[in-house]
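So the chains spell out like this:
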Amino acid sequence: MTEPAGPPPPDRQPIPYRLRWRPEGIVPGAHPGHGEGAEGQFRRHVPLLRQPDPRRIDLRISLRDPFGELHVRQFAPRRTVPVAVLVDLSGSMRFGGAVAGRVADLCALLALSAVRAGDSFALYGADARLREEVTLPLARRRGLEEEVRERLLAARPGGTGADGLMEAAARLPGRRSLVFLVSDFLMPLETTERLLDALWRHDVVPVVLSDGAVEERLPRWGLIELGDLETGRARLVFLRPGFRARWIAAARARRAALADLFARRGLRPVPLADALDTDALTERLMEG
Amino acid sequence: MNGPGLLDALTHDWGVDHPAVLALAALALLPLVAGIFRRRGLPALELVPADPLSRGLAAALRVTGAIAVLALVLGLAGLHRREQGIEREGTGAHLVLLLDRSSSMDNSFADRAPTGDQESKSAAARRLLTEFVGRRPHDRIAVAAFSTSPMPVLPLTDHHAVVEAAIRAIDRPGLAFTDVGRGLALAFSYFAGDIDETSRAVLLVSDGAALVDRRVQDALRDAAARTPVHLYWLFLRSRGAKGIFEVPPPGEDTPQANPERHLHLFLQTLGVPYRAFEATSPQAVADAIAEIDRQETRPIRYVERIPRRDFARPAFAVAGGALALLMAAKLVERRLAPAGSTAGMAASARAVRDDAPRRRVA
């Protein structure tokens, strides 16, 4: 556990992220928060009578006012936001070692970014139940990203269903948080919907894990015996161009249905395809 | 009810050399449980569209595996069809060849030791009888010989190869005397246990005769009354010998002087259909035999024997074919190429070794 098998992780740069909403709370942080404060991000000018704080009088604006009213600068306080990552650890996530690979990278990066931004970070791994050994409560200590990585590397995805994710949703803080929901979303759409319902309070960023091997990079001809990683059922498949086209069309339709579901709830998913694209992730998170 | 009957029918016609090996047939269930392919993980089978062709192929491959195992086991156990007897109807007879083995048969028709291209009587008889037997494949034939005393050679049999071998042996050097009466008694006795409704015939081949004892004469009449047979006498007449149809001058017509003629007369009194052929040359023998051939063409029910047939080789061929199919299926097996195994930061040492160049992408 203490001796990672692979080479040392590369230098990770924290990525910034921005919220479209104002977090509540009292701990000073990096995000413009609720309420009005004497410092933080400038928000607007208000008359002195509305906010009797003569230390913040803006002389330039006051002199420009033809009515001679005194203006005071008002600021939004900077607050922290809890960042949580919910990782689906059901059997389907075992495909291609995704959890130990891309997902661990993504979570470590998010943990690092959260800690550097002064936010607290929590990790919840779940299959049919919440997996305590892949769960870290909210914390903002240094080196958290390595802990996150180690937990995810040690995690063995297995089991069926996503009930544990509902359990994890119940364990999230009561105030609005930034929640990354990492899954391949191969569960039925109703389950996804129920899960999103349970996360109604939070700002959810669905991270849709996909693998080109089962969607585009299929062999044209041949026989494959496929076993369901969750249920263990097996099926022999005779691949041929016509069937391959049907398969790819079905995958597209499923992705379109999922995108539709997210769009109805105003969620913008982040695709996590064959490799973690840090730049695209940064861009998406900076948009808020 | 049906099960034991079916089993009985199966074991009646079919058999194996090593029944214990059949216990291995239980292994034929194995391909139904475990396939030949390596199972590749897939996040969810719901990703794969339904495909009846694949389903049929999977079932066919499993059945092929079971067939391969079953055929191998049957081949190892030595599957064969047992010897079969099929009753058929044809034309023929039950025939006893009664051959004279006296030493005079070794002479030619000119009654001396054969020289040059001359043929001895026994050699001519052998050649012509062999052809005769060859023309009558459905006959059951017995062979008896007589000389100083009667010699049973072959009981009634279907095995014509044996009959031909017995006929081939008649030109061996013979013995001295000719006891035709007891020879006939022996020939009749062959039919004692024969209850078939077929025509029966005795073909007596001799070149001479001797006195038939009175007691033997009585016994022969008795036997002829009990077993209705057709009697043919092929008399190989040497030059100088007296014919059987010639009536000698009165006074000389005694059995001692003309044993052949008196045997002929005696046989006529037996009360069975009787014909005598007098042959003075190989050609005449051939004519006589052709005449007998024409006479004895009544329907006969006979059992055709089909020898045991080994099915081990076809079983192995089937197994080989099935295995070739499975091999072909195995050779077109493909695998998915998940991205995670190459792009993952946490790839194991194996992944590092295998995919070192591609890791840089990540």
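Details of the structure are given in the entry above.
Residues numbered from 1 in each chain as written. Chains lettered and ligands numbered in written order. Predicted model: local features only at pLDDT ≥ 70, side-chain atom pairs only at ≥ 80, totals over all residues. Heavy atoms only, no water.

A. Looking closely at the overall build of chain A. Along the backbone of chain A there are seven helices and 12 strands. Here chain A holds 288 residues, and the buried ones make up 49% of them. Residue pairs at least 24 apart in sequence account for 73% of intrachain contacts in chain A once pairs closer than 6 positions are excluded. Total accessible area computed for chain A in this model is approximately 13,800 Å², and 54% of it derives from carbon and sulfur atoms. (Helix = DSSP H or I, 4+ residues; strand = E, 2+ residues; numbered from the N terminus. Buried < 20%, exposed > 50% of the residue type's maximum accessible area, 1.4 Å probe, protein only. Contact = heavy atoms within 4.5 Å. Areas by Shrake-Rupley, 256 points an atom, 1.4 Å probe, with all protein chains shown as cover.)

B. Layout of the packing of helix α4 (residues 121–135) of chain B against helix α9 (residues 282–295) of chain B. Residues and elements named next belong to chain B. Contact geometry of α4 with α9 gives a least axis separation of 10 Å together with a crossing angle of 25°. Taken together, the axis directions place α4 and α9 in an arrangement best described as roughly parallel. In the crossing of α4 with α9, the sense of the turn from one axis to the other is right-handed. Between α4 and α9, the contacting residues are A124, R127, L128, L129, F132 and R135 on the first element and P282, V285, A286, I289, A290, I292 and D293 on the second. For the contact of α4 with α9, the class distribution of residues is 10 nonpolar, no polar and three charged. (Axes fitted to C-alpha atoms, helices over the stretch in contact; angles between N-to-C directions. Parallel < 35°, antiparallel > 145°, perpendicular 65-115°, else oblique. Left-handed = near helix turned anticlockwise from the far one by under 90°. Nonpolar A, V, L, I, M, F, W, Y, C, P; charged D, E, K, R; others polar.)

C. Here's a closer look at the interface of chain A and chain B. At the junction of the two partners, chain A supplies 45 residues and chain B supplies 38 residues. In this assembly, chain A packs against chain B so that about 3,700 Å² is buried in total across both faces, 66% of it on carbon and sulfur atoms. Taken together, chain A and chain B are joined by four salt bridges. Salt-bridge contacts for E225 of chain A lead to R39 of chain B; the nearest nitrogen and oxygen are separated by 3.3 Å. Counting the contacts that link chain A with chain B gives 12 residue pairs in polar contact (both at pLDDT 80 or more). Those elements giving two or more residues to the side of chain A that touches chain B turn out to be α2 (99–116), α3 (144–154), β10 (222–228), β11 (234–239) and α6 (241–264) of chain A. In terms of residue count, the dominant contributor to the side of chain A that touches chain B is β10 of chain A (seven residues). (Buried area = accessible area lost by both parts, 1.4 Å probe. Salt bridge = Lys/Arg side-chain N within 4 Å of Asp/Glu carboxyl O. Polar contact = N/O pair within 3.5 Å; in protein donor to acceptor, adjacent residues only side chain to side chain.)

D. Representation of the packing of aromatic side chains within the structure. Counting across every chain of the model gives seven aromatic pairs over all chains. On the numbers, 6.4 Å between centres and 20° between planes, the contact of Y232 of chain B with F277 of chain B is stacked. Of this pair, Y232 of chain B sits in strand β9 (residues 230–236) while F277 of chain B is found in strand β10 (residues 274–279), placing the two residues 45 residues apart along the sequence. Summarising the burial analysis for this pair, Y232 of chain B and F277 of chain B share the class buried. For R176 of chain A, the ring lying beneath its charged end belongs to W21 of chain A, and the centroid distance is 4.8 Å. (Phe/Tyr/Trp six-rings, centres within 6.5 Å; stacked < 30°, edge-to-face > 60°. Lys NZ or Arg CZ within 6 Å of the ring centre and 35° of its normal.)

E. How the structure looks around the pattern of salt bridges. Going through the model one piece at a time under the given rule, you end up with 30 salt bridges over all chains. Across the pair E216 of chain A and R255 of chain A runs a salt bridge, and its minimum N-O distance is 3.8 Å. Here the residue E216 of chain A occupies a position in the loop between β9 (203–209) and β10, and R255 of chain A occupies one in helix α6, the gap between them amounting to 39 residues. Here R240 of chain A ties to D51 of chain B by a salt bridge, and the two come within 2.9 Å at their closest N and O atoms. Pair noted here: R240 of chain A is in the loop between β11 and α6 and D51 of chain B is in the loop between β2 (39–42) and α3 (52–77), and the two residues belong to different chains.

F. Spotlight on the sheet that holds strand β6 (residues 140–146) of chain B. All names here are of chain B. With mixed pairing, the six strands of this open sheet are ordered in space as β7-β6-β5-β8-β9-β10. The strands lining the two open edges of the sheet, one partner per strand, are β7 (150–157) and β10. The average undirected angle you get between the axes of adjacent strands in this sheet is 15°. Pairing between β9 and β10: six bridges, direction parallel. (Pairing = 2+ DSSP bridges.)

G. Representation of the layout of surface pockets in the model. Taken as a whole, the second largest pocket spans an internal volume of roughly 380 Å³. Along its surface, the second largest pocket is lined by 21 residues, and L186, M187 and P188 of chain A together with A44 and E46 of chain B are the ones closest to its centre. Taken together, the elements giving at least two residues each to the lining of the second largest pocket come down to α5 (189–198) and α6 of chain A. Top element by residues in the lining of the second largest pocket is α6 of chain A. It accounts for three residues. The class makeup of the residues in the lining of the second largest pocket is 10 nonpolar, five polar and six charged. (1 Å grid on protein atoms, 1.4 Å probe; cavity = no way out; pocket = protein on both sides within 12 Å on 5 of 7 lines; lining within 4 Å. Points joined across faces, edges and corners; volume = space filled by probe spheres on them.)

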